[in-house]
Amino acid sequence: MLSFDDILEQYEPMISAFIRKLNIHRNHDSFRQAGRVALWQAWNRFDVTKGNFTPFAYRSIRGSMLDELKRESQFEENVILIGDKSLEYIVEPEFAIHYGLPNLVEEALDNLSPAEQELVRWLFIEGFTLEECAGRVGISVAGIKKRRQRILGKLRSELVGG
């Protein structure tokens, strides 16, 4: 069997093709590395008596990249949730009073439009779901998520830079 360097050189175009097929537009290096690791693992596990290496490498690389996409998606969801939870604690009066933040938080919230203030109240004080907020405003859940992200960015810049 060929050395791994030869195999890598031969299958590098397949890794690049998967990056394009899976519409990966960022973190190319991490996905390329995941594909290389999967190829190396496939090369080590491959049994010549069980068939051709190419389909085995194909499935291994594709599976690894899909796993990496899933991991990245879960990471992004968790980061957003942590940000939302932090905002919830900042908006809670006991937390704000304890850390002397009432004026700072109040000023940051005052700089939001009335619609943005209402969305903050629904999401973080009254505890409405994204779906409920979308129904109230009359837009999609994706639209509410985008608004929430924009509002959190404004509040972060106010609180950190303020």
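Here's what I pulled together on the structure shown here. Computed from a predicted model, the values in this text were never measured in an experiment.

Moving on to the side chain of Glu-116. Assignment of secondary structure puts Glu-116 in helix α6 (residues 114-125). A relative accessible area of 13% means that Glu-116 is categorised as buried. In this structure the side chain of Glu-116 is engaged in a polar contact, spanning 2.9 Å, whose partner is the backbone nitrogen of Ser-113. Ignoring any residue separated from it by four or fewer positions in sequence, one finds Glu-116 in contact with Ile-151 and Lys-154.

Summed over all chains, the structure comprises 6 salt bridges. The residue Glu-12 makes a salt bridge to Arg-32 at a minimum N-O spacing of 3.8 Å. Here the residue Glu-12 occupies a position in helix α1 (residues 4-21), and Arg-32 occupies one in helix α2 (residues 28-45), the gap between them amounting to 20 residues. A salt bridge links Arg-71 to Glu-68; the nearest nitrogen and oxygen atoms lie 3.0 Å apart. With Arg-71 and Glu-68 both in helix α3 (residues 53-91) and 3 residues apart, this pair spans about one turn of that helix. Using a relative accessible area of 19% as the deciding quantity, one classes Glu-68 as buried.

In contact at an axis separation of 9 Å, α1 and α2 are set at 135 degrees when each is read in the N-to-C sense. In this view, α1 runs oblique relative to α2, as classed from their interaxial angle. Along this stretch, α1 crosses α2, giving a crossing that reads as right-handed. Here Phe-4, Ile-7, Leu-8, Tyr-11, Glu-12, Ile-15, Ser-16 and Ile-19 of α1 come into contact with α2, specifically with His-28, Phe-31, Arg-32, Gly-35, Arg-36, Leu-39, Trp-40 and Trp-43. Along the lines of polarity and charge, the residues of the contact of α1 with α2 split into 10 nonpolar, 3 polar and 3 charged.

Moving on: the nonpolar core. As a rule of thumb, soluble globular proteins bury nonpolar side chains together. Counting 18 residues, the largest nonpolar core has Ile-7, Tyr-11, Leu-39, Phe-53, Ile-61 and Met-65 as its most contacted members. Of all the secondary structure elements, the ones that give two or more residues to this core are α1, α2 and α3. It is α1 that contributes the most residues to this core, 7 residues altogether. Setting aside its immediate chain neighbours within four residues, Leu-39 contacts Phe-4, Ile-7, Leu-8, Tyr-11, Phe-53, Ala-57 and Ile-61. Counting residues in hydrophobic clusters, the runner-up holds 14 residues, among them Val-120, Trp-122, Phe-124 and Leu-130.

Criteria and thresholds
- Residues numbered from 1 in each chain as written.
- Predicted model: local features only at pLDDT ≥ 70, side-chain atom pairs only at ≥ 80, totals over all residues.
- Heavy atoms only, no water.
- Helix = DSSP H or I, 4+ residues; strand = E, 2+ residues; numbered from the N terminus.
- Buried < 20%, exposed > 50% of the residue type's maximum accessible area, 1.4 Å probe, protein only.
- Polar contact = N/O pair within 3.5 Å; in protein donor to acceptor, adjacent residues only side chain to side chain.
- Contact = heavy atoms within 4.5 Å.
- Salt bridge = Lys/Arg side-chain N within 4 Å of Asp/Glu carboxyl O.
- Axes fitted to C-alpha atoms, helices over the stretch in contact; angles between N-to-C directions.
- Parallel < 35°, antiparallel > 145°, perpendicular 65-115°, else oblique.
- Left-handed = near helix turned anticlockwise from the far one by under 90°.
- Nonpolar A, V, L, I, M, F, W, Y, C, P; charged D, E, K, R; others polar.
- Core = buried A, V, L, I, M, F, W, Y, C linked by side-chain atoms within 4.5 Å.

That is the geometry; function is a separate question.
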